[in-house]
Amino acid sequence: MNGTNTTRLGAWALTAAMTLAFAGTAQAQTINDEVRCVLLSNAMASGADNPRGRQIGASVGAYFMGRLDARPPADVKAAIAGQKRKMKAAAAATAMNACVARAGRSEARLRDLAR
């Protein structure tokens, strides 16, 4: 992704995160989904125009990096290589929305359990 696409992704993802943080239907279940979320989150964390966008990117990325930590390293490496080749800027916003929603649902579930 180039800088312009990263900036657009950051602006879009911030809006999506604010309005849909706990909504959505897609769940990252495969290693490819989780790697995609890490890559998109890292792009957002480093390319957002504002602190809130960078914070959202970093926190969503941390959630999915934790999930990948339990995966076999060779599988993660292969998934990263595959996702870098497949990722299209036009689909990044929709994919990031799914990542934000998944992380948000997990956060809400843990918050409920802590009560």
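The structure reproduced in this document is the subject of the present report. The shown structure was predicted, so the numbers you read here are calculated from the model rather than taken from an experiment.

The subject of this paragraph is helix α4 (residues 73–86). The α-helix winds at 3.6 residues per turn, so residues separated by three or four positions along the chain end up facing the same way. Over its 14 residues, α4 extends 20 Å from the first C-alpha to the last, a length consistent with the 20 Å expected when each residue adds 1.5 Å. Taken residue by residue, α4 has V76, A79, G82 and Q83 as its buried positions. The arc that holds the buried residues of α4, viewed along the axis, is 130 degrees, so those residues lie on one side. Residues of α4 that are exposed and angled more than 90 degrees away from the buried face: P73, A74, K77, A78, K84 and R85. On its buried face, α4 is in contact with α2 (31–47) and α3 (51–69).

Turning our eyes to something else, we now look at the environment of R71. If you trace the backbone, R71 turns up in the loop between α3 and α4. Note on R71: relative accessible area 27%, which makes it partly exposed. Along the chain, R71 and I31 lie 40 residues apart, while their C-alpha atoms are 7.8 Å from each other. Leaving out residues up to four positions away in the same chain, R71 has contacts with Q29, T30, I31, E34 and V76. A distance of 3.1 Å separates the side chain of R71 from the side chain of E34, its partner in a polar contact.

What follows concerns the pattern of salt bridges. Counted by the stated rule, this structure contains 5 salt bridges. In this structure, D112 and R115 form a salt bridge, with 3.1 Å as the shortest nitrogen-oxygen distance. On the basis of relative accessibility, which here comes to 45%, the residue D112 falls in the partly exposed class. Given the relative accessible area of 74%, R115 is considered exposed. Three or more residues joined by partner-sharing salt bridges are found here, namely E34, R67 and R71.

With that settled, the discussion passes to α2. Between its first and last C-alpha, α2 extends 24 Å over 17 residues, near the 24 Å set by a 1.5 Å rise per residue. Listed in full, the buried residues belonging to α2 are I31, E34, V35, C37, V38, L40, S41, A43, M44 and G47.

Before going further, it helps to spend a moment on the packing of aromatic side chains. With the rule as written, the count across this model stands at 1 aromatic pair. Seen from their ring centres, Y63 and F64 are 4.7 Å apart, and the 85 degrees between their planes marks the pair as edge-to-face. Its relative accessible area of 0% is what places F64 among the buried residues.

Attention now moves to the state of the cysteines. Within this structure, the stated rule accounts for 1 disulfide. Disulfide pairing is shown between C37 and C99; the S-S distance is 1.9 Å. Judged by the torsion about the S-S bond (-85 degrees), the C37/C99 disulfide is left-handed. Of this pair, C37 sits in helix α2 while C99 sits in helix α5 (residues 89–114), placing them 62 residues apart in sequence.

Cut-offs applied
Numbers given to residues run from 1 along each chain, matching the order in which its sequence is written. Only residues with pLDDT of at least 70 are given local features in this predicted model, and only at 80 or more are side-chain atom pairs given and counted; all residues enter the totals for whole chains, interfaces and linings. As a convention, hydrogens and water are excluded, and side-chain values are obtained from all of the structure's heavy atoms. Secondary structure elements follow DSSP: runs of H or I no shorter than four residues count as helices, runs of E no shorter than two count as strands, and numbering proceeds from the N terminus. A helix is expected to reach a length of 1.5 Å times the quantity of its residues less one. For every residue, the accessible area obtained with a 1.4 Å probe (protein chains only) is divided by the maximum for its type, and the residue is called buried under 20%, exposed over 50%, and partly exposed between those limits. Of all possible arcs, the one meant is that of the directions from the helix axis to the C-beta atoms. Every residue pair with non-hydrogen atoms within 4.5 Å of one another is taken to be in contact. Counted as a polar contact is a pair of N or O atoms within 3.5 Å, where, for protein atoms, one must be capable of donating a hydrogen and the other of accepting one, and residues adjacent in sequence contribute only when both atoms are in side chains. Each salt bridge in this description consists of a side-chain nitrogen of Lys or Arg and a carboxyl oxygen of Asp or Glu lying within 4 Å of one another. Stacked, tilted and edge-to-face are the three classes assigned to paired rings of Phe, Tyr and Trp, where Trp is represented by its six-membered ring and a pair needs centres within 6.5 Å; plane angles under 30 degrees give stacked, over 60 edge-to-face, the rest tilted. Cysteine sulfur atoms are paired as a disulfide whenever they fall within 2.5 Å.

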